[in-house]
Amino acid sequence: MKNYADLWIGYNKRQQGGDCNRLKKIYINGSSGSDRITENAVHELKNGLKSMLDIDPEMVYGQIGAPIAATCGKEILDSEEYCISLLDDGVSIDAKSGSGVLYAVFDILRNVSCERDINEVYASGKTVRPSNPLRMLNHWDNMDGSIERGYSGESFFYIDNEIVIDDRTKDYARLIASIGINAVVINNVNVKQAASYMITDRYFDKLAELGEIFAGYGIKLFLSLNYASTIEIGGLDSADPLDEKVIAWWKDKMAEVFKKIPTLGGFLVKADSEGRPGPFTYGRTQADGANMLADIVKDYGGIIIWRCFVYNCKQDWRDRKTDRARAGYDNFMPMDGDYHDNVILQIKNGPMDFQIREPVSPLLGGLKKTNQMLEVQIAQEYTGHQIDVCFLIPEFKEILGFKTYCSEKDDTVGDIINGKTLGSRYSGIAAVTNTGNDFNWTGNYLAGANLFGFGRLSFDTELSSEQIAEEFVRMTISQDIDVVKTIVGILLPSREIYERYTSPLGIGWMVQPATHYGCSVDGYEYDRWGTYHRADHLGIGVDRTDKGTGYALLYNEPNASIYNSPEKCPDELVLFFHHLPYTHKLHSGKTVIQHIYDTHFEGYEEAKGLAAKWDTLKGKVDDEIFENVRERFDRQLVNAREWCDQVNSYFFRKSGIPDEKGREIY
Ligand code: GCU
């Protein structure tokens, strides 16, 4: 018995969604069938069709460059692109490489798994090119097996400082390739202890093996790098990016690393952030650090992904001038254009840290001459620890659709990271991932929808949240239309419900320090992290306008003017940008204080409603799945009630203003 679930690559028996005869013969043009990725793809296809429909397809390979099926109507240009079309006696896949074939295979399997009629789906040919060049998962796994911000067990990559490679490793590669992921960072951005030695002999063999497994599924292996390796493992006394000794050390090191791990894609670097070393120590810029490494790995086709999460984490809470929200922009904007070609700046979606609601980082749309990648977090650090249900895809859709006004056209975040705005091939999207060695991979079974959804969305940003949720349910839980509707109905509103019972109007934080689960209104108020709500008896919020920290003005117009004005600023972000009296009227017509009371009471009731919906599924879904989610709902409701009562009591006591509806506040 396997000790992990198959999730959406389980391929249980399916009903035919229509006449499936064509699936008995599959033509593949563009791959000889002998490369590793195509071999894996064909194996997957045969296995999937056999288990789901009892079909054992005959495979026919065409030449690379053979004329493509007429229904596709256009040439396949990109190595990850594919076209699926119907022939009289079969289904044809056109691609330029194994990766294209692989994605086509998963497309077919997904449609069969959702019991769709392939004759309809592929009637006029379906040509697909992934939306984003890089579609990446960032593991925050430590080599001792723990996971930073992990909520689903231990790491399946490491035990006791050794790299583990077993059946689960390969199934993991299949699992994430099937949703379109093509790059993965396997160690925590905070590179310490054993992880610093990843780039030494101690781990090369295992990493090479891992890299090969991933490569067989079109996935590039990346590592997080310790910026101070020259000191920590190299025995030098400096990590100054302009020091010749440092550069020479890195040159030798990278020659060795890429020789030993030939499939390696490059590195992710967290520098000068939360205690991690970086170029600032030597009076150098972030660009100096990133470029030094990038120039060296360039010879091996490597890239450097450099994180923009650089801020002062030792702020004095009395200091109202320093604004953490500005830090990313202030540290990285001045060097726009200086970062070399194979550097990508990885930017968290918001200026703070993955709160349930934040404005989009002004670096996205600010930077005009720099490769950029968006970083989101599906590990539910601030969004319920995979105890509370919080389907994040609607949030990611909002972020991707955000208009930055950085150019006349193609100015959304989606356009920037897919490379359209800047014409860059080095761009994309990364998620801090939510997996661990729990049986179901993600703790709460429903948190699997965030992993599935992130991959699907990174591959095709046009998909709707609803489509993604529905596919997840069909592929992993049930085809029963009522069950599908019920679970989709739980997932879709869950993020806004979580927002309603937690921190209001974009203010964020108010969480238990360190763990980041559960309510503590003042938990971060008198601390060093730059995370304040500034509530007193008259009002709440941070003044980030031209009269305050000036943060609002970092956006392009008209966003800057909109955020700068309490009248124009959207309600959901108003306390992020403004310090307002509790009596301030929102666009909704409610006062700030009444909004706080209403949303908290409602959010708690709505969370109860989600749990009640889930209860109707007893006996209709797998018992293990039912109990797993049920047990988490029990904890979610305790959490939601604490948030509701603590936030309401806190602000009632601070403001002295009673709830208009006279509900019980403590
Ligand atoms: C947050 C998180 C840390 C993490 C950091 C990062 O601060 O709490 O655990 O290391 O983000 O993104 O680097």
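About the cut-offs
Residues numbered from 1 in each chain as written. Predicted model: local features only at pLDDT ≥ 70, side-chain atom pairs only at ≥ 80, totals over all residues. Heavy atoms only, no water. Helix = DSSP H or I, 4+ residues; strand = E, 2+ residues; numbered from the N terminus. Rg over C-alpha atoms; globule rule 2.2 N^0.38 Å. Buried < 20%, exposed > 50% of the residue type's maximum accessible area, 1.4 Å probe, protein only. Contact = heavy atoms within 4.5 Å. Areas by Shrake-Rupley, 256 points an atom, 1.4 Å probe, with all protein chains shown as cover. Lys, Arg positive; Asp, Glu negative; His and termini not counted. Charge placed at Lys NZ, Arg CZ, Asp CG, Glu CD. Core = buried A, V, L, I, M, F, W, Y, C linked by side-chain atoms within 4.5 Å. Pairing = 2+ DSSP bridges. Axes fitted to C-alpha atoms, helices over the stretch in contact; angles between N-to-C directions. 1 Å grid on protein atoms, 1.4 Å probe; cavity = no way out; pocket = protein on both sides within 12 Å on 5 of 7 lines; lining within 4 Å. Points joined across faces, edges and corners; volume = space filled by probe spheres on them. Nonpolar A, V, L, I, M, F, W, Y, C, P; charged D, E, K, R; others polar. Near = heavy atom within 4 Å. Polar contact = N/O pair within 3.5 Å; in protein donor to acceptor, adjacent residues only side chain to side chain. Domains from an automatic or database assignment. Buried area = accessible area lost by both parts, 1.4 Å probe.

J.: Explanation requested: the overall build of the protein chain in the structure shown.
T.: From N to C terminus, the protein chain includes 19 helices and 17 strands. Taking 26 Å as the expected radius of gyration for a compact globule of 666 residues, we find that the protein chain reaches 25 Å, a close match to that expectation. For the C-alpha atoms alone, the extent of the protein chain along its principal axes is close to 75 × 65 × 50 Å. Looking at the 666 residues of the protein chain, the share that counts as buried comes to 64%. Taking as baseline every contact in the protein chain between residues at least 6 positions apart, the subset at least 24 positions apart corresponds to 72%. Summed over its atoms, the accessible surface of the protein chain is roughly 24,500 Å², and 48% of this surface lies on carbon and sulfur atoms. Each charge sign in the protein chain was given a centre, from 73 positive and 98 negative side chains, and these centres are 1 Å apart.

J.: Can you help me understand the nonpolar core in this one?
T.: Across soluble globular proteins, nonpolar side chains show a tendency to be buried alongside one another. Among the nonpolar cores identified, the biggest contains 217 residues, and Leu23, Ile186, Phe267, Trp614 and Phe651 are the most heavily contacted of them. No other element matches helix H19 (residues 623–655), which puts eleven residues into this core. With near-sequence residues (within four places) excluded, Ile186 lies in contact with His139, Asp141, Phe157, Tyr158, Met198, Leu207, Leu210, Phe214, Leu221, Phe222 and Leu223.

J.: What exactly am I supposed to notice about the sheet that holds strand E6 (residues 134–138) here?
T.: Strands pair in a sheet through their backbones, by hydrogen bonds, and they do so in one of two ways: parallel or antiparallel. Taken together, eight strands build a closed barrel; the order of strands is E6-E9-E10-E11-E12-E13-E14-E15 and the barrel is parallel. Direction aside, the axes of adjacent strands within the sheet are offset by 25° on average. Note: strand E14 (residues 372–377) against strand E15 (residues 428–432), five bridges, orientation parallel. Across the sheet, Leu374 pairs through a bridge with Ile429, a residue of E15. Across the sheet, helix H7 (residues 244–260) is in contact with strand E10 (220–225) and strand E11 (264–269); its angle to E11 comes to roughly 135°.

J.: Where do I start with empty space enclosed by the protein in this structure?
T.: Once rolled over the atoms, a probe with the size of a water molecule shows which space is left empty. Taken as a whole and judged by the stated rule, the model has twelve cavities of 30 Å³ or more. The space that makes up the largest cavity amounts to roughly 150 Å³. Elements with a contribution of two residues or more to the lining of the largest cavity: helix H9 (324–332) and strand E13 (343–348). Per-element tally for the lining of the largest cavity: the top contributor is H9, with five residues. In terms of residue class, the lining of the largest cavity is made up of twelve nonpolar, three polar and two charged.

J.: Can you help me understand the site of the ligand in this one?
T.: Residues in close proximity to the ligand total 13 residues, the closest being Glu148, Lys270, Arg307, Lys348 and Glu381. Within the side chain of Asn190, an N or O atom sits 3.0 Å from an oxygen atom of the ligand. Here an oxygen atom of the ligand and a side-chain polar atom of Arg307 are 2.6 Å apart. Protein chains bury 96% of the 310 Å² of accessible surface belonging to the ligand in isolation. Grouping the amino acids of the shell around the ligand by side-chain chemistry returns three nonpolar, two polar and eight charged.

J.: Help me understand the domain arrangement of the protein chain, please; the structure alone is not making it clear to me.
T.: Interface extent is often summarised as the accessible area lost during association of the parts. Taken domain by domain, the protein chain comprises domain 1 (7–128), domain 2 (134–461) and domain 3 (498–542 + 579–655). Distance from the C-alpha centre of domain 1 to the C-alpha centre of domain 2: 32 Å. Taken together, the contact between domain 1 and domain 2 spans 17 residues of the former and 23 residues of the latter. When domain 1 packs against domain 2, the two sides together hide about 1,800 Å² of surface, and 58% of this comes from carbon and sulfur.

J.: Mind showing me how you'd approach the sheet that holds strand E5 (residues 126–128) here?
T.: Strand order across the open sheet formed by five strands is E2-E1-E4-E3-E5, with mixed pairing between neighbours. Of all the strands in the sheet, the pair left with one neighbour each is strand E2 (58–61) and E5. Neighbour-to-neighbour, the strand axes of this sheet turn through a mean angle of 20°, independent of strand direction. Where strand E3 (residues 82–87) lies against E5, three bridges are found, and the strand directions are antiparallel. Paired with Cys83 across the bridge in E5 is Thr127.

J.: Looking at this model, I keep getting lost on unusual backbone geometry. Mind explaining?
T.: Most peptide bonds are trans, and most residues other than glycine sit at a negative phi. Between Glu557 and Pro558 the backbone carries a cis peptide bond, its omega angle lying at 5°. By the element assignment, Pro558 lies in the loop between strand E16 (539–540) and helix H16 (559–564). You will see that Asp54, though not glycine, has its phi angle at about 55°, which is positive. Along the chain, Asp54 falls in the loop between helix H1 (36–53) and E2. With a phi angle near 50°, His385 is a residue other than glycine that sits in the positive phi range. Structurally, the position occupied by His385 is in the loop between E14 and helix H10 (393–401). Overall, the relative accessible area of 12% leaves His385 in the buried class.

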